[in-house]
Amino acid sequence: MIHPNVIRTGFLLGISLILAAIVYFFAANWAGMERMEKVALSGGLVALFYAVAFALTTLRFMQGTHSFLSRLFLVGGCIAFGVSVALLGQIYNSHADSFGLFLVWSIPALLFAIITRYTPFYMLSFILVHLTLIFYFFPSFIFIEYTEGMRIGIYAIFTILNLCIFAVIEKEWIASTTLKIFSFIAFHISLLFLSNSFTLETYGVWLNILSVAAITIGFYYFIRIRTDKLFLTLNALAASTFAVLKFIELAESYYSVVFFFYGLVFVALLLTGNVLFFRFLKGLTSEGEEDGEEQSRDGKLSNIAGKIVSTAVIIIGVVIGSISLSGIVFMANQGLDPENMLFVLSMVFILPMLFITRINTVVRYTILTIGYITGIVAILWLDEYLLSIIYFILSIVGWIRLEGRFQRLFTYTISNINMLIVLSQTIDFSSSDNWTYIMLAMTIINACVYGLHPFLSEGILKQQLRESSLYSSLFFLLLLTFMDDIFPYSYELFNLLNFVLVTSLVFIFIRRERTLDVYFTLVFWFVFLAYKYYDLLWTLLHKSITLAILGFIAVTITYLIAHRYQGQDNAAQFTGFKLYQLWLPILIVIILQFGFLGYQAASSERLLTTGSVVKLELQPIDPRSLLQGDYVRLNFTISTLPEDVSADWDEYGIQGNVKIVLDKNDQGVHEFDRLYTNGESLGPEEIVINGKKISYSWNQVTYGIENYFIPEGTGLEVERKARFAYVRIGSNGNAMLERLSEV
C-alpha cells in the first residue's frame, strides 16, 4: 500500500526540479537564442503549465491524484510567469531583482489566492509582497541613505502589514494556519527592527515600548481571550528573542565585570522563566482540546513550537552564559592565563552536571552546554591534542547522560565539533584536498553511527541516536558536494550520491511515517537544489538540463506508481479547491498575465527600434541576480552630477524624478549638460533622459539602465573590454540599454 503523501511528495519534488531547471536555463542566458525566441519559449512554458493544469481536470479516473496534480501545475504556472517576467528584465536589461519584478509577479499570485483560497498561493503572495517592499526600499543595485525617521516609517510598514494579515486570519476571513504563523513571526521581527537602538539611535529606545506592549498583549490575548498554546509559545519565543537583543545592546554600551555577572543572573532568570512557563502551559486547555481533538494539527504544531522555544531558550542561555563567563574571565584576569582559567571553569561546569541528575533538565543541560562552549574555546586556544581528546570523550558522556531529543541532538553536534578539532590537530588543513578528506571522514563516521542504531534495543536512546547521526550525516554529505576533487570526477560522484540518497530517504521516511525525519530531509533536499545555483564548478546550463531530466523522470515514475495503485486513490485524501469549478476567474487572471508579457515585450521592442541612440561612458562590475543570472552593473559618468547643480538639486527630494539634458561632445559621447526645465527648447545634438535621484547628499542619479545581462561566466571579459554603452532613449525620456562596446 502506497501512502498518499508519497504521491504528493513525488509530484512536488519532480515539479520543483522542472521549475528549477527553467530558472537555471534562463539565468544561464544562453547565447544560442535570440530575444524573441526566449520570449516565445518562456511564454510557451507558462502556457504549458496552465494547459496541463486544466487538462488534468478533465480526466475522470484517479480524480484525487489528478486534482492535486492540477493544483500543483497551477502554482507552477504562476511561478513560471514570475520567471518569464524576470526573463524580460534580463533580455531588455532592466534592473536585477527590482521591486517591479516582484510587484508584477505578486498581483496574479494574490488574485489566485483570493480565487482559490489555496495555502501555497497565500504563501507565494506573502513572500512576493515582502520582496516587493524590501527591494523597493533597499534596491540591490544602489545604496539609499535614509534618515532615522524614514527607517522608522519603513519598519512600521512591515509591522502594520503583518499585523493586518494576522488580524484578517484571526477574524477567520482567511483560513491558513501557515500564513498566520508566518505573519505573526514577521510582525515580531519588524518590531525588533523598530526597537533596535543600533540603527535607530534616537528613537529606538522609546520604541521598545511597542515591543513590550505587543508581547504583553499577546500573552493576555492567547491566555485570557482566545487560548492558543501554539501562538502563546511563539509569543514566548518573541519575548526571549527581544530580551536577548536588549542584553546585547546593553553589553555594547555597559560591558564590565559587574555587567557580565548580571548576564549570568539573567541566564538563571531566563531558565527559571522557561521552566515556569511550560508548567503553566501544560495546565492550559486549547479550544481544539475542549472538543476532544488531542491530536489535532494545531496541537501537534503547539508541541513542536514548544520544543523549538525550549531549545531556543537553551541556546540563548548558552550564548549569553558563555559570553558572560568569558567576559568575566578576561576582564577579571589577575595575571593568570585566561585560557587556563577558561579550561578550569569549563571543567567546573561540566563534571558536576554529568552526574547530578536531580537538577531540572533544562537548567542542567544549559549549564553543561555553557561548559562545553567555553571548553571548546579553551582547547582551541591551548591547542593541546590530549585536551581535545578529553573534551571529545566528555561530550560523548554528556550525550549518554542527558535526556531529551533536542538536548541529545545539540550534544551530538558538540561531539562533531570536538571531532573536527581533533582531526584539525591531526591533519594539515592548508590543502583543499585535505578539507575534502575531512568532510568525507565526518560523513562516513556519522553514517557508521547511524548504521549502528538497528542493533540497539528499541527505546528512546535508539531513536535519538538515529536522528542525531542522520542529520549530521546529511549535513556533512551536503558540505562534501562543495569540496574539490580528490580523485577523477569525485565532485560529480558526491553530488549524485547526495541527490539520490536524500531523495530516496524522503520516500523511505514517508512510508515509515517518520514525520520529523521527512521535514529535515526535505530541508536538505531544497537547500542542495538552491545552493547548486551558486556553485560555479558546474554551469547553469548543464544543471538545467540535468534537473529537467530528473524532474520529468520523477513526475513520470510517481504518476506510474499512482496509476498502479489507483484503487487507493480516494479524492477525499487530496482535499482542496476543484480547478474546473473556478475556471472562469482563473482563466481571466491567466489572460492578464499573457497580456502583460506581450505588452512588455512589444513596448521594449518598439523602443529598441524607434529610440534615439546615445553613447555613454561607463565603469562596470560583475554580480549575479537571484532569478536572472549574471550581469554587469554599470556606473555611467552621468550617474554623478557636477557640484554646481546642487542648488537646484534639493527641490527634488530624497528620491525625486529628474529630467536631464545630455549633449554630444567632440568624441561622440553624450555628457551631462543641465537639468531639464519643462518647456525649454533643445539643441540639435541634445536629448532628454529620465532619471531618479537616489541620495539627498551625493548628487547620484539612476536611469534604469544600470544592469547589462550576459551569458554565464563572461563577466570578466565584458569588464575588460567594455568602455561605452549604447542606449536607446524614447521621446518620453525613457531609456533602454542596447549594447556595450569598446569604442
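For the structure, check the block above.
Residues numbered from 1 in each chain as written. Predicted model: local features only at pLDDT ≥ 70, side-chain atom pairs only at ≥ 80, totals over all residues. Heavy atoms only, no water.

J.: What is the right way to look at a negative patch on the surface in this model?
T.: A cluster of acidic residues, Asp433, Asp484, Asp485 and Glu492, forms a negative patch at the surface. Looking at the secondary structure, you find glutamate 492 in helix α19 (residues 490-511). (Patch = residues over 30% accessible without salt bridge, like charges linked within 9 Å, V, L, I, M, F, W, Y side chains within 5 Å. Areas by Shrake-Rupley, 256 points an atom, 1.4 Å probe, with all protein chains shown as cover. Salt bridge = Lys/Arg side-chain N within 4 Å of Asp/Glu carboxyl O. Lys, Arg positive; Asp, Glu negative; His and termini not counted. Charge placed at Lys NZ, Arg CZ, Asp CG, Glu CD. Helix = DSSP H or I, 4+ residues; strand = E, 2+ residues; numbered from the N terminus.)

J.: Help me understand the pattern of salt bridges in this model?
T.: Once their charged atoms are close, side chains differing in charge can pair, the charge on each being opposite to the other. One pass over the full model with this rule turns up 13 salt bridges. A salt bridge links glutamate 680 to arginine 674; the nearest nitrogen and oxygen atoms lie 2.9 Å apart. With a relative accessible area of 23%, glutamate 680 lands in the partly exposed category. Under the relative-accessibility criterion, arginine 674 is labelled partly exposed at 22%. Each of Glu170, Glu172, Lys180 and Arg226 takes part in salt bridges that share partners, so that together they form one network. (Buried < 20%, exposed > 50% of the residue type's maximum accessible area, 1.4 Å probe, protein only.)

J.: What am I meant to see in the side chain of serine 490 here?
T.: Assignment of secondary structure puts serine 490 in helix α19. In this structure the side chain of serine 490 is engaged in a polar contact, spanning 2.9 Å, whose partner is the backbone nitrogen of isoleucine 486. Sequence-distant contacts of serine 490, that is, excluding residues within four places in its chain, are made with Asp484 and Asp485. (Polar contact = N/O pair within 3.5 Å; in protein donor to acceptor, adjacent residues only side chain to side chain. Contact = heavy atoms within 4.5 Å.)

J.: Which parts of the structure should I look at to understand helix α4 (residues 99-116)?
T.: Because an α-helix completes one turn every 3.6 residues, residues spaced three or four positions apart along the sequence face the same direction. The terminal C-alpha atoms of α4, which comprises 18 residues, lie 25 Å apart, in line with the 26 Å expected from a rise of 1.5 Å per residue. Of the residues making up α4, those classed as buried are Leu101, Phe102, Val104, Trp105, Ser106, Pro108, Ala109, Phe112, Ala113 and Thr116. Contacts made by the buried residues of α4 are with α2 (35-56), α3 (63-91), α5 (119-137) and α22 (583-610). Taken from the residues just after α4, arginine 117 is the one with a positive phi, measuring 55 degrees. (Expected span 1.5 Å × (residues − 1).)

J.: Where do I start with the sheet that holds strand β5 (residues 670-675) in this structure?
T.: Within a beta sheet, neighbouring strands are joined by backbone hydrogen bonds and run either parallel or antiparallel to one another. As summarised here, the arrangement of the four strands in space is β5-β4-β6-β7, forming an open sheet in which the pairing is antiparallel. A strand with exactly one partner marks an edge of an open sheet, and here the two such strands are β5 and β7 (701-702). Pairing of strand β4 (residues 657-664) with strand β6 (residues 687-693) involves six bridges; the strand directions are antiparallel. Paired with leucine 662 across the bridge in β6 is isoleucine 687. (Pairing = 2+ DSSP bridges.)

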